[in-house]
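# Architecture and fold: a report
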Amino acid sequence: MADDQRRDQSVSARVRFQPFIDGALEVVRLHAVTQPSVTLSVWIYLLKRCHRRLCGIIHHVDRKDLYDSVLMQLTDTGDVIIQARVTTGEDEAFRVSAALPLWKWIRLDCYIQDSKLLLDVTWDDETHRYVCEFQNSIYYDDTDGYFVIGGSKYMAGFHGYFGPIKYYRFGTEEIRNPLHPETAFQELDTTHRQCREIKALAKAFLKEVTESHLLSTINKAVCTPHFIKLWRQFGGKTCTQTWSWESPLQYSTLFHLLQTKEEQLRRGMKDLRTTLFEEAAGAMFTADQTRIQITSKSVSLLQASSCFGDHKASLLLASVHFAGLGRSVDQNQGHAYSLMAASGDELFALMHAGYKHAQGIDGFPKDLDVAYSYYSNAGAQHSMDMAHMHENKQYTPEHIYLNNPEDLDSLTHETSDVFQYLKFQAERGDIEAQRRLGIMLYWGQNGVSKDIVSAVKWFERTSMQMKDPSAMYDYSILLMKGQGVKRNYTRGFLLLKKAAAMGSIDALNALGWYHGIILGDHSHAVEYFEQAARNGSADGMFNLGIYHLRGKTPRSPGGNELAAFQQFLNASRLGHAAASVEAARHLSTGSLEGVAQDAERAVIMLKKVCEQSGHLGFVIREALRAYLRGAWQDAFVHYVLAAETGLGLAQSNAAHLCEVLDLGYDCQWRYQNCSVLNYDPHPSALLKMGDYYYYSPGAQEDSLSVVGQAVSMYSRAALAGSPQAMYNLGALARRGHALPPAIRGFFGLSHDDDEDTVVEKILRRCVETEHDDAATPCSLALLGVQMGRALRRMTQENGAQLLLVYASLLSVCALVVFVPIQSCLGQRAPGRRAVGPRARTSPGSQGGVNLNAERGGIMAGTDGAVGSPRPTVPSGEQRLRQASDWAVTLSGVCLCAFCATLLYHLLCDMQYPAR
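The structure reproduced in this document is the subject of the present report. (Residues numbered from 1 in each chain as written. Predicted model: local features only at pLDDT ≥ 70, side-chain atom pairs only at ≥ 80, totals over all residues. Heavy atoms only, no water.)

## Description of the side chain of Arg-107
Quick note on the threshold: By definition, any uninterrupted DSSP run of H or I lasting at least four residues is a helix, any uninterrupted run of E lasting at least two residues is a strand, and each is numbered from the N terminus. When checking whether two residues touch, look at their non-hydrogen atoms; a contact exists if any pair is within 4.5 Å.
Looking at the element boundaries, Arg-107 is found in strand 8 (residues 105–113). If near-sequence neighbours (up to four positions away) are discounted, Arg-107 is found in contact with Ser-41, Val-42, Trp-43, Asp-120, Val-121, Thr-122, Ile-175 and Asn-177.

## Focus on the layout of surface pockets
Counted only if it meets this: In the cavity and pocket records, a cavity denotes points on a 1 Å grid over the protein atoms alone where a 1.4 Å probe fits but cannot get out, a pocket denotes an open set with protein on both sides within 12 Å along at least 5 of 7 lines, and lining residues are residues with an atom within 4 Å of a point. Grid points are joined across faces, edges and corners, and a volume is the space filled by probe spheres set on the points. Residues are grouped as follows: Ala, Val, Leu, Ile, Met, Phe, Trp, Tyr, Cys and Pro are nonpolar; Asp, Glu, Lys and Arg are charged; all remaining types, including Gly, are polar.
Put simply, the second largest pocket is a space of about 1100 Å³. For the second largest pocket, the lining is made up of 30 residues, of which Thr-274, Asp-310, Lys-312, Lys-393 and Phe-618 are closest to its centre. Sorting the residues of the lining of the second largest pocket by element identifies helix 7 (269–283), helix 9 (311–323), helix 11 (347–359), helix 12 (368–385), helix 25 (614–628) and helix 26 (632–643) as the ones contributing at least two each. Looking at the lining of the second largest pocket element by element, the count peaks at six residues for helix 7. Within the lining of the second largest pocket, the residues separate by chemical class into nine nonpolar, seven polar and 14 charged.

## Comments concerning the state of the cysteines
Heads up, the rule is: Our working definition of a disulfide is a cysteine sulfur pair at a distance within 2.5 Å. Each residue's exposure class comes from its accessible area (1.4 Å probe, protein chains only) as a fraction of the maximum for that residue type: buried when under 20%, exposed when over 50%, partly exposed otherwise.
Scanning the entire structure with this criterion turns up four disulfides. Across the disulfide from Cys-195 sits Cys-307; the S-S distance is 2.0 Å. A torsion of -75 degrees about the S-S bond marks the disulfide between Cys-195 and Cys-307 as left-handed. Linking Cys-195 in helix 2 (residues 182–214) with Cys-307 in helix 8 (residues 296–307), this pair joins segments that are 112 residues apart in sequence. Comparing Cys-195 with Cys-307 shows no difference in burial state: the two are buried. Once the bonded cysteines of the protein are numbered in order along the sequence, the disulfide links fall as 1-2, 3-4, 5-6, 7-8. Between Cys-132, a free cysteine, and Cys-110, which holds the nearest cysteine sulfur, the sulfur-to-sulfur gap is 8.1 Å.

## Section: unusual backbone geometry
For residues that are not glycine, phi is negative in most cases, and the peptide bond is trans in most cases. A cis amide bond, omega 5 degrees, links Ser-69 with the succeeding residue Val-70. As for its position among the elements, Val-70 is in strand 5 (residues 67–75). In the segment running from His-180 into Pro-181, the intervening peptide bond is cis, with an omega of -5 degrees. Counting through the fold element by element, Pro-181 comes out in the loop between strand 12 (160–168) and helix 2. Despite not being glycine, Asp-362 has its phi angle at roughly 55 degrees, a positive value. With respect to the helices, strands and loops of the structure, Asp-362 is situated in the loop between helix 11 and helix 12.

## Brief notes about the environment of Asp-362
Selection criterion: In protein, a polar contact means a hydrogen-donor-capable atom and an acceptor-capable atom, both N or O and within 3.5 Å, with residues adjacent in sequence counting only if both atoms are side-chain atoms; elsewhere, any N or O pair within 3.5 Å suffices.
Assessed through its relative accessible area of 13%, Asp-362 is described here as buried. As for Asp-362 and Gly-334, which are separated by 28 residues in sequence, their C-alpha atoms are 8.6 Å apart. Every residue in contact with Asp-362, bar those within four places of it in the chain, is listed here: Phe-322, Gln-331, His-335, Lys-356 and Arg-670. A distance of 2.8 Å separates polar atoms of two side chains, one belonging to Asp-362 and the other to Lys-356.

## What to know about the nonpolar core
Note on soluble globular proteins: their nonpolar side chains tend to be buried together. To be explicit about the condition: Working definition of a nonpolar core: buried Ala, Val, Leu, Ile, Met, Phe, Trp, Tyr and Cys residues. They are joined through side-chain atoms within 4.5 Å.
If you look at the biggest cluster of nonpolar residues, it comprises 153 residues, and the most contacted ones within it are Ile-44, Leu-100 and Tyr-639. Here the element with the most residues in this core is helix 26; it accounts for eight residues. Among residues more than four places away in sequence, those in contact with Tyr-639 are Leu-402, Ile-620, Ala-623, Leu-624, Ala-650, Asn-653, Ala-654 and Leu-657.

## Section: the packing of aromatic side chains
Quick note on the threshold: Stacked, edge-to-face and tilted labels apply to pairs of Phe, Tyr and Trp rings (six-membered ring for Trp) whose centres lie within 6.5 Å, assigned for plane angles under 30 degrees, over 60, and everything in between, in that order.
What the rule picks out here adds up to 19 aromatic pairs. Between Tyr-45 and Tyr-161, the aromatic rings sit 6.0 Å apart at their centres with planes inclined by 45 degrees, giving tilted as the arrangement. With Tyr-45 in strand 3 (residues 37–46) and Tyr-161 in strand 12, the pair connects residues that are 116 residues apart, well separated along the chain. The same class applies to Tyr-45 and to Tyr-161, which are both buried. Note on Phe-147 and Tyr-167: the rings are 6.4 Å apart at their centroids and 45 degrees apart in plane angle, and the pair reads as tilted.

## Structural notes on the packing of helix 23 (residues 577–589) against helix 24 (residues 599–610)
Definition in use: Only C-alpha atoms enter the line fits that serve as axes; for helices the fit covers just the stretch in contact. Angles between N-to-C directions range over 0 to 180 degrees. Roughly parallel here means an angle under 35 degrees, roughly antiparallel means over 145, roughly perpendicular means 65 to 115, and every remaining angle is called oblique. By definition, turning the near helix anticlockwise from the far helix through less than a right angle yields a left-handed crossing, and turning it clockwise yields a right-handed one.
Contact geometry for helix 23 and helix 24: axes closest at 8 Å, N-to-C directions at 165 degrees. Between helix 23 and helix 24, the angle is such that the two are roughly antiparallel. For the crossing formed where helix 23 meets helix 24, the hand is left-handed. From helix 23, Ala-577, Ser-580, Val-581, Ala-583, Ala-584, Leu-587 and Ser-588 reach across to helix 24, where they touch Ala-599, Arg-601, Ala-602, Met-605, Leu-606 and Val-609. Within the contact of helix 23 with helix 24, the residues separate by chemical class into ten nonpolar, two polar and one charged.

## Some details on helix 18 (residues 489–501)
To keep it simple, the criterion reads: Expected span, for any helix, means 1.5 Å times one less than how many residues it has. The directions considered for the arc are those from the helix axis to the C-beta atoms.
Under the 1.5 Å per step criterion, the end-to-end length of helix 18 is 18 Å for 13 residues, consistent within 8% with the ideal 18 Å. Within helix 18, the full set of buried residues consists of Gly-492, Phe-493, Leu-495, Leu-496, Ala-499 and Ala-500. For helix 18, the angular spread of the buried residues around the axis is 165 degrees, confining them to a single face. Opposite the packed face of helix 18, turned more than 90 degrees from it, sit the exposed residues Thr-490 and Ala-501. Structurally, helix 18 contributes buried residues whose contacts are with helix 17 (469–481) and helix 19 (505–518). In this structure Asn-488 caps helix 18, since a side-chain oxygen of it lies 3.3 Å from the backbone nitrogen of Thr-490. Within two residues after helix 18, Gly-503 carries a phi angle of roughly 105 degrees, on the positive side.

Have a look at this one:
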């Protein structure tokens, strides 16, 4: 676990111990409170000295939020401070002059024995023992409050890592706490050693570049051992490098790049690490830009960028090793770079570590307490970053799925027809268009770039019409903050009052802020906050919670932490970031009376908050832009970085790009599977994973497990409201697959329902969910089920209807036979009718009547006069025509009766569906 305090927030794990269930053990523990025998063993790895006077290693906080036994701290010189509370109620402390080294795994073994405390410090297989003798017995109750490993809101943490920790509540003479798994911890140490070598190489090279630049007048330049030809070109200049030959050979990729980046080196390492990351991203792709290949050059440059402090490079390296992109999976190296990124207190890295520990994937042990420690730091950072959301490096995350055409069609930009039409409407005075345009420009939504100045102009135009309270509130806040406009409290306050009078809840909260912060009138501030909170304002709830916490409310001047927690909890349900951080802190420890410990709920709460980060939104926006302009490889890199934080949207899009870029089934499966492990996965991801399971080769061999997984995925998607998932479940139910109890309850299924009833109920819910008047797969499938049910009723209710069904089948056969016969007879009749006229008009005939007589024909007109010819029909053919006419007629009548009966049963089935 990484620990750092770059923003006055520390990564820390909180542990709470409960009394023993066994009565005998509990009696022994209570007796040991004043005569303790406890042993604690912890591994640490220091990257830097403590940046404060004291940094926390382990400390105990009691239910009153006071330090209790035992407290172990690190000084800025590497010494250890041990503090304990004795039975007299006083606190005593000792300083152990251990001078702990950097870049080594150190084990601290602490033995508490009544009034004596022993500390064994071990590194490089050498142990040093220190003895601390207190004047009285140590008071030690481990069920009072909670223990913190690392830093907290009360104490800074050190810059480094924690290894395995063992705690013996009744003490032990032999500690068993090996550095396990040893390979993973050794890999972390090796990675840091390589970083020190890389930094030394770059520093020495920078020194040579600087000296070369200063001494250019005397023709002295940097010698590069790899470029002998370059030496000769410059006439064999004098070498001044101080590094060894081995370093350039081992890090040749970096060394080659340094040759071309001398100007950036002179500007400093910050620009260099960004350049290294960009070069690494470019080196990931083959020349044809159609398939990603993680080359050795790319990995080397990412490693160097990581060593120089670019923790996005560390995170990308971790994902490369975890996912096996272009190489074999190496979890040890993945863990090393994950911890390096987290040690830098980088937001994405903290979310990444928290997500992996929460899910227990990629070799990370599932530990919700450790997951909370990372998420709490990330959540606190997000709370502070929200004050700068208007900056160009932060955007509100937009959930655009690349495999969903509707999402892509919803995007707009400054040159699109939608944006231009919206602007046209706004120019004409449409208030809604003006406000929407201002919001899009202020936050950079729907693909539009941020433009604070233009946004403020639209907000002002809308608010000055005094018709929209939301617009008036938006502009008043800008006036109060002075964003894009000159600060004007008076004008902003007047707009707020008018907006509040028109029903704006946010304006009520803002009035509370104005009275409390600007005017110092806390009594009126509380009144406004209470009004806003009662009407559902998350900000009002949070601010009211702060007043309860500080004891500034008229009804509880001494402070009410429980009332504050309730307000924070209510605000957190509405997505308030700062309130979620405060509520999760109490849930993680359960130290507040009446609040049960619930680390999982705290983790879920903070994960949702962190996923609203503006920095995460910026990366997602860059990824989407890259995808839309056809740079799918760049989009993949950005989506992978966001996917490693646990964001389901980025994971689904990364899986989509794995498919588009032909990165293989494993790449798709990994990111799609990660997306469904989230607490609220998107239905499309669940559908995709369901398809993966159902159509996998093992689905035919092991239907109970593999197909069962597919049913589980479709069920979760159906519970989320996916019509496609409901249709799939109906198809699986038709094939005899059992459905889980949760989904049976969702569809209202009972154990007595037959197969048709089960399928019908599922499809009915699907049709209700679709909300589409057109024919849909679910509606067509439901119609098929109902027709089948109606047909079975016809065959089962009485003999007459069964006879009608058989007759209808015979009618269909008759139609198949006699309709072609009628068609053939109809084609022959016109040929015969044409014979008479041809003979009658023949130039060689002497009389139409006589000529026809010779041919055996009869010419008879209407009313006995000579008229149109009538063909002669043989008697057999005439009988066949008459028989076919009767057959077709009877078949039609029979089919009409069948359809009417079937329709009757269908209507009855629709009116009285299966329950």
